[in-house]
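Here is how the chains run, residue by residue.
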Amino acid sequence: GRNFESLSGEDPSLGARLARGYIRAVQGEGVMAVVKHFAFNEQETERMSESSDVGERTAWELYYPPFQAAVEAGAVAAMCSYNKVNGTWACENENLMQRDLRDRMGFKGFV
């Protein structure tokens, strides 16, 4: 797993609370905060070939809250993940990058 690398492990509520404070503190020092890896980068094994197949409800309830909080806190950059999401590479995934990150979360920064 990759949870040891994340701010909150597997708890979306805790992750959202910590993300807000962390983003504000970092950017308060004049440093751009980069949110990564968006999204569903949950495993190391075969991450360059596996597809994380995630439904919309699961995404918004369990995986997106920390990212949404980071966007609301004003994060200026995001890094897309290496894996496929629902069969399409994350960085090329229109639903992930445009619909969810930009349109629904309101992210205005650069990826």
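Coordinates for the structure precede this section.
Rules used in this analysis
Residues numbered from 1 in each chain as written. Predicted model: local features only at pLDDT ≥ 70, side-chain atom pairs only at ≥ 80, totals over all residues. Heavy atoms only, no water. Helix = DSSP H or I, 4+ residues; strand = E, 2+ residues; numbered from the N terminus. Rg over C-alpha atoms; globule rule 2.2 N^0.38 Å. Buried < 20%, exposed > 50% of the residue type's maximum accessible area, 1.4 Å probe, protein only. Contact = heavy atoms within 4.5 Å. Lys, Arg positive; Asp, Glu negative; His and termini not counted. Charge placed at Lys NZ, Arg CZ, Asp CG, Glu CD.

Caption draft 1: Here's a closer look at the overall build of the protein chain. Across its full length, the protein chain carries four helices and five strands. Moving toward the C terminus, one meets the helices and strands of the protein chain in the order α-β-β-α-α-β-β-β-α. By the compact-globule yardstick of 13 Å for 111 residues, the protein chain fits well, its C-alpha radius of gyration being 13 Å. With the C-alpha coordinates of the protein chain rotated into their principal frame, the extents come out at 40 × 30 × 25 Å. Evaluated residue by residue, the protein chain yields a buried proportion of 39% over its 111 residues. Contacts in the protein chain between residues far apart in sequence, at least 24 positions, make up 73% of those at least 6 positions apart. Mean positive and mean negative side-chain charge positions of the protein chain (12 and 16 charges, respectively) differ by 5 Å.

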